[in-house]
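# Summary of the model geometry
The chain contents come next:
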Amino acid sequence: MRILLLGSDGFLGRHAADVLRSLPGATVLTAGRRPDHDLRLDLATAEAGPLGEELAALAPDAVVNFAGAVAGSAVKLAEVNARGPAVLCEALEQGARGARLVHIGSAGEYGVCDPGSSLAEDADARPVGVYGATKLAGSLAVAGSPLDAVVLRVFNPVGPGAPAGSLPGRLAAELRRALPDGAEGVVKVGDLSAHRDFVDARDIARAVALAVTAGRPLPRVLNLASGRAQPVRAIADGLVAASGFTGRIDESGAGSERSAAVSWQQADVSAAARVLGWHPETALADTLRDLWLGTEAPVAA
């Protein structure tokens, strides 16, 4: 099986690449902006015609799209998250129509929901910002295409290698910085009371492999999450426990606008269990321990 992986340089893409390369008989090709990729590609600027020709030459059996932007201007978010998947779908129709497309969506597409509720795939999509709106546009392009395609709507991914721009990655780095201060150490964050559904990046990678290799057509959208909302404060508590930090977490800092607008998200993951046989396997405490062990101590001046 020939698998073309877009976004293999990113947090989730790196974990998925490891799992996909372990599949029996799999050849994993990568696409990205760097010259060492099998396909030089920037979805923000790609044109469907030339990309279709390149896809025909590569002849993938499956395409996995992790390419996306979580921050930046509205133009950048629209180019990468909305235009990019639409161009990819059109190019696949032209050059590799038989390939299965596994596209990575986001819980941000759902937006506001009722506290205590679980979001199934047919829930109303009401994104509250540009990021969620552009991700939804990209997912709609995939779900509405004539391709053999599925959107894996990922909730809040955590794990080793979490990016510095994410709360878990930033908090781990701040704890490393403050650890030598002992009980006098202070790490300042925003309000951590919002509830999110956290899922290990390695569990997501397993789900991607199951979606790629499934022997029958899949639903257009599948949720990937733990199925249990927890306070964002659980991230801080888990990292404090893993690090042995004895100082103080100060929640008086500037928080996330999205957390303020969306106070609760929890997924219904029964469809992924039924269709893929997938279940999240990694407890949040273990995820955060592995994240902590993977962070680097600051270099002494």
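My aim in this report is to walk through the structure given alongside it, one point at a time. As the structure is a computational prediction, the values presented were derived from the model and not from experiment.

Our next topic: the environment of valine 158. One can find valine 158 in strand E7 (residues 156-158). Judged by relative accessible area, which is 0%, valine 158 ranks as buried. What valine 158 contacts, discounting residues up to four positions off in sequence, is Phe11, Pro168, Phe198, Val199, Asp200, Ala201, Ile235, Thr287, Leu288 and Leu291.

Looking now at the environment of glutamate 53. Summarising the element assignment, glutamate 53 is placed in helix H2 (residues 48-58). Between the alpha carbons of glutamate 53 and alanine 201 there is a distance of 33 Å; along the sequence they are 148 residues apart.

All told, the structure shown has 14 salt bridges when counted by the stated rule. A salt bridge links arginine 153 to glutamate 109; the nearest nitrogen and oxygen atoms lie 2.7 Å apart. One end of the pair, arginine 153, is in strand E6 (residues 148-154); the other, glutamate 109, is in the loop between strand E5 (100-106) and helix H4 (130-143), and 44 residues separate them in sequence. For glutamate 109, a relative accessible area of 0% puts it in the buried group. Arginine 177 serves as the salt-bridge partner of glutamate 174, at 2.9 Å between the closest nitrogen and oxygen. Of the two residues, glutamate 174 and arginine 177 both sit in helix H5 (residues 167-178), 3 residues apart, roughly one turn of that helix. The network of salt bridges with common partners includes Asp200, Arg202, Asp286, Arg289 and Asp290.

Here strand E4 (residues 62-65) shows no split at all, with Ala62 and Val64 on one side and Val63 and Asn65 on the other all buried. Note: strand E1 (residues 2-6) against E4, 4 bridges, orientation parallel. The residue of E4 that forms the bridge with leucine 4 is valine 63. Across 4 bridges, E4 lies against E5 in parallel orientation. The residue of E5 that forms the bridge with valine 63 is leucine 101. Where the polypeptide runs from E4 across helix H3 (residues 74-95) and back to E5, its parallel neighbour, the crossover connection is right-handed.

Next up on the list: unusual backbone geometry. Generally, phi is negative for residues other than glycine and the peptide bonds are trans, each holding for most cases. Unusually for a residue other than glycine, alanine 59 sits at a positive phi of about 50°. Considering the arrangement of structural elements, one finds alanine 59 in the loop between H2 and E4.

Bringing the nonpolar core into the picture now. The biggest cluster of nonpolar side chains holds 66 residues, and the ones touching the most others in it are Leu20, Val64, Leu152, Val208 and Leu239. If we ignore the near neighbours within four places in the chain, the residues touching valine 64 are Ile3, Leu4, Leu5, Leu6, Leu20, Val102, Val208 and Val212. Counting 26 residues, the second-largest nonpolar core is a separate cluster that includes Leu55, Ala99, Leu147 and Ala149.

Glancing now at the packing of aromatic side chains. Between two aromatic rings, the relevant description is the distance of the centres plus the angle of the planes. Enumeration over the complete set of coordinates arrives at 1 aromatic pair. The interplanar angle of 40° and the centroid separation of 5.9 Å between the aromatic rings of tyrosine 110 and phenylalanine 155 together place this pair among those described as tilted. Linking tyrosine 110 in the loop between E5 and H4 with phenylalanine 155 in the loop between E6 and E7, this pair joins segments that are 45 residues apart in sequence. Of the two residues, tyrosine 110 and phenylalanine 155, both sit in the buried class. The side chain of arginine 153 reaches across the aromatic face of tyrosine 110, ending 4.7 Å from its centre. The positively charged end of arginine 176 is found above the aromatic ring belonging to tryptophan 292, 3.9 Å away from the centroid.

Thresholds applied
Chains are numbered independently. Their residues run from 1 in the order of the written sequence. Residue-level local features of this predicted model are given only where pLDDT is at least 70; pairs of side-chain atoms are given and counted only at 80 or more, and the full residue set underlies all totals for whole chains, interfaces and linings. Side-chain numbers come from the whole structure's heavy atoms, not from hydrogens or water. Put simply, DSSP H or I for four residues or longer makes a helix, DSSP E for two residues or longer makes a strand, and each gets a number counted from the N terminus. Any residue under 20% of the maximum accessible area for its type is buried, any over 50% is exposed, and the rest in between are partly exposed; the area is computed with a 1.4 Å probe on protein chains only. Contacts: residue pairs with any heavy atoms within 4.5 Å of one another. The salt bridge definition used is simple: a Lys or Arg side-chain nitrogen within 4 Å of an Asp or Glu carboxyl oxygen. When DSSP finds at least two bridges between two strands, those strands are taken to pair. Orient the strands so they point away from the viewer; a crossover is then right-handed if the path from the first strand over the helix to the second runs clockwise. Residues belong to a common nonpolar core when they are buried Ala, Val, Leu, Ile, Met, Phe, Trp, Tyr or Cys residues joined through side-chain atoms within 4.5 Å. By convention, a stacked pair of Phe, Tyr or Trp rings (six-membered ring in the case of Trp) has centres within 6.5 Å and planes under 30 degrees apart, an edge-to-face pair has planes over 60 apart, and any other such pair is tilted. The criterion is that NZ of a Lys, or CZ of an Arg, lies within 6 Å of the ring centre and within 35 degrees of the ring normal, and then a charge sits over that ring.

That is the geometry; function is a separate question.
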